[in-house]
Amino acid sequence: MTDNHLRPVSLSRRWHYAREQAISFLMQQAVENPQVISLAAGLVDFETLPVHEALAGVQELLADKDRARHALQYGTTPGADDARRAVLQHFARQEGRTPDQLGFDTARVVLTTGSQQLLSLACEVLLDPGDICLVADPTYFVFLGNLQGVGAEAVGVAADDDGMRTDALEAALRQLEAAGKLERVKLIYVVSYYDNPRGVSMSGQRRREVVDIARRWSRTQRILILEDAAYRELRYDGPALPSVWSCDPTGEHVIYTQTFSKSFSPGLRVGFGILPQDVIGPVCDRKGNEDFGSANFNQRLIGKVLESGGFEQHLQEVCRNYVRKRDAMLEAAEEHFSSIPGAAWVHPAGGLYVWMTLPEALDTGFNGRLFEEAVKRAGVMYVPGGLFYAAGSPRNQMRLSFGVQTPDGIREGMRRLAGAVRAVT
Ligand SMILES: Cc1ncc(COP(=O)(O)O)c(C=O)c1O
């Protein structure tokens, strides 16, 4: 006999690890409150999206029937050869070297669906449940979700205006050793340029130190640094720092990842990784399992705009535009927040974010009074700072993005936000 009751779905442990991601809640809030000025969204500037450059690249790709058919066909797991060559050249240019001087070829390059996919693949192939990744406190919260998604433990390391503190990193490793957990440490995650959320870059000295630390503490297993250079090219003032990758002459301690989402178009969702020799195979195995290659057409389009010089030209325009937006946000912060006791914020030299600290008693979290006041009454949204901490605190900070709003929208959003802060203090 059959009954009509639906049996519960037996969901996997993997799902359990990945449920209730804050990013989904934030996106839902934005959709449910369309009148809200979002200083939360990590979207890029709308006006400078590269319509002209993309069109020229598409026309070139499709002008020749044979080339067009290749672009419209499936590609390969690590990505299209031409595009990987163009990406390698692009990477070499940023490193101030020629591709030959890098000492490796395109075999070390993998093209991914945004750099997010590489972050996820790195977690998948390196971390078992209970393994450990050291992260700056605060750090990119979506990556904290990736770690959670594979059942790994994120151990927060104190950070300041020069990025992750290397003395605190060393202390954390000593503690893990004392707790008998050193063999579980697999990764150190570093957002090396204008990080998300604080907008600060790791100093030159710390870049060298973090590589040295990873090498020295690699006792039974190699501890890899996952260098996330998502915002490297969004540089507005200050020096162009060398990558953490360049501080590792062996090339075997750093997984480097970068994206064209911020510098060109997130709609294309092309990112890339430069991987140590013995990591490329495992990453491609796993990627083969997931999608056996990211969108071939999009990769080739990026390859074309890199080759034509359209990318570099466009990037200059993008940066000029973001300087105006950053300045609009900083000026508005000065105007509306400087009289709020305890309010302080970072002046970023690049990237998309301003990190603001509010009076200590104020809770910026989803369930605090400020979030409700800001979204429901003032009509402005931010990302609560607590989301970016491995262990979920402190609660009196917020990340403000100047990416997608116009300068006027930024000014109005900051005015509303300061009003909401005053209303709950
Ligand atoms: C620090 C950081 N890394 C990686 C990404 C992923 O971007 P994408 O997958 O579009 O390359 C983001 C996106 O906001 C980010 O902020």
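Definitions and limits used
- Residues numbered from 1 in each chain as written.
- Predicted model: local features only at pLDDT ≥ 70, side-chain atom pairs only at ≥ 80, totals over all residues.
- Heavy atoms only, no water.
- Pairing = 2+ DSSP bridges.
- Helix = DSSP H or I, 4+ residues; strand = E, 2+ residues; numbered from the N terminus.
- Near = heavy atom within 4 Å.
- Polar contact = N/O pair within 3.5 Å; in protein donor to acceptor, adjacent residues only side chain to side chain.
- Areas by Shrake-Rupley, 256 points an atom, 1.4 Å probe, with all protein chains shown as cover.
- 1 Å grid on protein atoms, 1.4 Å probe; cavity = no way out; pocket = protein on both sides within 12 Å on 5 of 7 lines; lining within 4 Å.
- Sits in = over half its atoms within 2 Å of the grid points.
- Nonpolar A, V, L, I, M, F, W, Y, C, P; charged D, E, K, R; others polar.
- Axes fitted to C-alpha atoms, helices over the stretch in contact; angles between N-to-C directions.
- Parallel < 35°, antiparallel > 145°, perpendicular 65-115°, else oblique.
- Left-handed = near helix turned anticlockwise from the far one by under 90°.
- Contact = heavy atoms within 4.5 Å.
- Phe/Tyr/Trp six-rings, centres within 6.5 Å; stacked < 30°, edge-to-face > 60°.
- Buried < 20%, exposed > 50% of the residue type's maximum accessible area, 1.4 Å probe, protein only.
- Lys NZ or Arg CZ within 6 Å of the ring centre and 35° of its normal.
- Points joined across faces, edges and corners; volume = space filled by probe spheres on them.
- Domains from an automatic or database assignment.
- Buried area = accessible area lost by both parts, 1.4 Å probe.
- Salt bridge = Lys/Arg side-chain N within 4 Å of Asp/Glu carboxyl O.

**Considerations on the sheet that holds strand β11 (residues 353–357)**
Now for step 1: In spatial order, the strands read β10-β11-β14-β13; together these 4 strands make up an open sheet with antiparallel pairing. A strand with exactly one partner marks an edge of an open sheet, and here the two such strands are β10 (344–345) and β13 (383–384).
Now for step 2: Pairing between β13 and strand β14 (residues 397–401): 2 bridges, direction antiparallel. Bridge pairing in β14 places V383 opposite R399.

**Remarks on the site of the ligand**
Now for step 1: Close contacts around the ligand come from 13 residues, with S115, D228, Y231, T259 and S261 the closest.
Now for step 2: Here an oxygen atom of the ligand sits 2.5 Å away from a polar atom, N or O, in the side chain of Y231.
Now for step 3: Starting from 390 Å² of accessible surface for the ligand in isolation, the protein chains cover 92%.
Now for step 4: Given that more than half its atoms are within 2 Å of the pocket grid, the ligand belongs to the largest pocket.
Now for step 5: Top element by residues in the shell around the ligand is helix α7 (residues 114–126). It accounts for 3 residues.
Now for step 6: In terms of residue class, the shell around the ligand is made up of 4 nonpolar, 6 polar and 3 charged.

**Observations regarding the packing of helix α9 (residues 166–178) against helix α10 (residues 204–216)**
Now for step 1: Two elements in contact, α9 and α10, have axes separated by 10 Å at closest approach and are oriented at 15°. Relative to α10, α9 is oriented roughly parallel. Crossing of α9 against α10: the hand is right-handed. Contact residues: α9 offers T166, L169, E170 and L173, while α10 offers R206, E209, V210, I213 and R216.
Now for step 2: Its residues assigned to classes, the contact of α9 with α10 shows 4 nonpolar, 1 polar and 4 charged.

**Observations regarding the sheet that holds strand β7 (residues 224–228)**
Consider a sheet: its strands pair through backbone hydrogen bonds, and that pairing is either parallel or antiparallel.
Now for step 1: With mixed pairing, the 8 strands of this open sheet are ordered in space as β2-β9-β8-β7-β6-β3-β4-β5. Taken across any chain shown, the strands that pair with only one partner, and hence form the sheet edges, are β2 (109–113) and β5 (163–164).
Now for step 2: With 2 bridges connecting them, strand β4 (residues 153–160) and β5 associate as antiparallel partners. When the bridges of β5 are listed, D160 appears paired with G163.

**Structural notes on the packing of aromatic side chains**
Now for step 1: Counted under the stated rule, the structure contains 17 aromatic pairs.
Now for step 2: When the centroid spacing of 5.9 Å and the interplanar angle of 75° are considered together, the rings of F104 and W245 count as edge-to-face. With F104 in the loop between α6 (99–102) and β2 and W245 in the loop between β7 and β8 (254–259), this residue pair connects regions lying 141 residues apart in the sequence.
Now for step 3: With a relative accessible area of 14%, F104 lands in the buried category.
Now for step 4: For W245, a relative accessible area of 6% corresponds to the buried category.
Now for step 5: The lysine or arginine in question, R207, covers the ring of Y193, its NZ or CZ lying 4.5 Å from the ring centre.

**Side note on empty space enclosed by the protein**
Now for step 1: Counted by the stated rule, this structure contains 2 cavities of 30 Å³ or more.
Now for step 2: If you add up the space inside the largest cavity, you get close to 70 Å³.
Now for step 3: In terms of lining, the largest cavity is formed by A136, T139, G163, M164, Y189, V190, V191, D195, S201 and M202.
Now for step 4: Of all elements in the fold, only β5 and β6 (185–191) reach the threshold of two or more residues within the lining of the largest cavity.
Now for step 5: Broken down by element, the residue count for the lining of the largest cavity peaks at 3 residues, all from β6.
Now for step 6: Partitioning the lining of the largest cavity into residue classes produces 6 nonpolar, 3 polar and 1 charged.
Now for step 7: Taken as a whole, the second largest cavity holds about 50 Å³ of empty space.

**Digging into the side chain of S265**
Now for step 1: Structurally, S265 can be placed in the loop between β8 and β9 (270–274).
Now for step 2: At a separation of 3.2 Å, a polar atom in the side chain of S265 contacts the main-chain amide nitrogen of G267.
Now for step 3: Excluding anything up to four places from it in sequence, S265 contacts L49, P50 and F260.

**Concerning the domain arrangement of the chain**
Now for step 1: Split into domains, the chain comes out as domain 1 (18–47 + 313–424) and domain 2 (51–308).
Now for step 2: A straight line from the C-alpha centre of domain 1 to that of domain 2 covers 26 Å.
Now for step 3: Interface of domain 1 and domain 2: buried area, both sides summed, is about 2600 Å²; carbon and sulfur atoms make up 64% of it.
Now for step 4: In this assembly, domain 1 and domain 2 are joined by 1 salt bridge.
Now for step 5: For the salt bridge of R326 with D237, the shortest nitrogen-to-oxygen distance reads 2.6 Å.
Now for step 6: On inspection of domain 1 and its partner domain 2, the count reaches 9 residue pairs in polar contact (both at pLDDT 80 or more).
Now for step 7: For the side of domain 1 that touches domain 2, the elements supplying multiple residues, two or more each, are α2 (22–32), α13 (310–337) and β11.
Now for step 8: Sorting elements by how many residues they give to the side of domain 1 that touches domain 2 places α13 first, with 7 residues.
Now for step 9: Here the residues of the side of domain 1 that touches domain 2 sort into 22 nonpolar, 5 polar and 3 charged.

**Notes on the pattern of salt bridges**
Now for step 1: Enumeration over the complete set of coordinates arrives at 28 salt bridges.
Now for step 2: Residue R216 is joined to E170 by a salt bridge in which the shortest nitrogen-to-oxygen separation is 2.9 Å. Taken together, the residues R216 in helix α10 and E170 in helix α9 connect sequence positions 46 residues apart.
Now for step 3: Take R216: its relative accessible area is 42%, and that puts it in the partly exposed class.
Now for step 4: Judged by relative accessible area, which is 15%, E170 ranks as buried.
Now for step 5: One salt bridge in this structure joins E373 and R377, with 2.9 Å as the shortest N-O distance. Highlighted residues: E373 and R377, both in helix α14 (residues 369–378), separated by 4 residues, approximately one helical turn.
Now for step 6: Judged by relative accessible area, E373 falls into the buried class, the value being 16%.

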